[in-house]
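Observations on chain architecture
The primary structure of each chain is shown beneath.
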Amino acid sequence: KNNNYKNDIFQNIMQYIHRKQHCHKTHSAAIIADHIRAICFLIHEGITPSNEKQGYVLKKIIRRMLYFANSTLSRNSLFEVFEFVLDTLPKRFFHLSSSRSAIVHILQQEYEQFLYTIKKSGNVLKKTISIAKKNNKISGEKIFWLYSTHGVPMELIMNSLQDNKIDYDIQE
């Protein structure tokens, strides 16, 4: 198989996500399925979200998954997907079941933190977009500031720029 998402683990997870989505988006389902699987293994290995090293990578994977999940799944549906994945993966990777409560706990904490960050940074993003509309351009430095300082997901920044037809130069 030439496509990683065509294996039975991903297909089962993606089909479950599609049943739970309020709008059918295959791209989002693939990202959610892939990221949830990775998150489960990383947390099982003892990595926790942080601002350093592997913890930072895990935090960004969780945030990216939540960004895509937030637009297509309700909170309850998202946690039903987590439970489905945690029920499905241990059939092949039995050692994951010992980390189930830690995985659920961390995902719940990160979900709440993500919602807080989006709410808090939403105003900063709107204000920045409003200013950028005047010149129809935004600098890469400003994009990085939104991402690194305020935690605005890169996909959200890029979608907002595209929706508002604002040019950007990542090199600036």
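The structure under discussion appears in the preceding block.
Please read all numbers here as calculations on a predicted model, not as lab measurements.

Counting 39 residues, the largest nonpolar core has I32, I36, I39, M65 and L78 as its most contacted members. Those elements that place two or more of their residues in this core are helix 1 (8-20), helix 2 (26-44), helix 3 (53-72), helix 4 (75-88) and helix 5 (100-135). Looking at this core, the element that brings in the most residues is helix 2, giving nine residues. Apart from the residues within four sequence positions on either side, I36 is in contact with M65, V81, F82 and V85.

Enumeration over the complete set of coordinates arrives at four aromatic pairs. Measuring from ring centre to ring centre gives 5.3 Å for Y67 and F68, while their planes differ by 80°; the resulting arrangement is edge-to-face. For the pair shown, Y67 and F68 are each scored as buried. Measuring from centroid to centroid gives 4.9 Å for F79 and F82, while their planes differ by 85°, and the two rings are edge-to-face. Of this pair, F79 and F82 both sit in helix 4, three residues apart, roughly one helical turn. Given the relative accessible area of 2%, F82 is considered buried. The ring of Y147 has K60 sitting right over it, with the charged end atom 4.4 Å from the ring centre. The aromatic ring of W145 is capped on one face by K142, whose charged end is 4.7 Å from the ring centroid.

Tracing the chain through its elements places T117 in helix 5. In this structure T117 comes out as buried when scored by relative accessible area, which is 7%. Among residues more than four places away in sequence, those in contact with T117 are R63, G122, H150 and G151.

Calculation notes
Residues numbered from 1 in each chain as written. Predicted model: local features only at pLDDT ≥ 70, side-chain atom pairs only at ≥ 80, totals over all residues. Heavy atoms only, no water. Core = buried A, V, L, I, M, F, W, Y, C linked by side-chain atoms within 4.5 Å. Buried < 20%, exposed > 50% of the residue type's maximum accessible area, 1.4 Å probe, protein only. Helix = DSSP H or I, 4+ residues; strand = E, 2+ residues; numbered from the N terminus. Contact = heavy atoms within 4.5 Å. Phe/Tyr/Trp six-rings, centres within 6.5 Å; stacked < 30°, edge-to-face > 60°. Lys NZ or Arg CZ within 6 Å of the ring centre and 35° of its normal.

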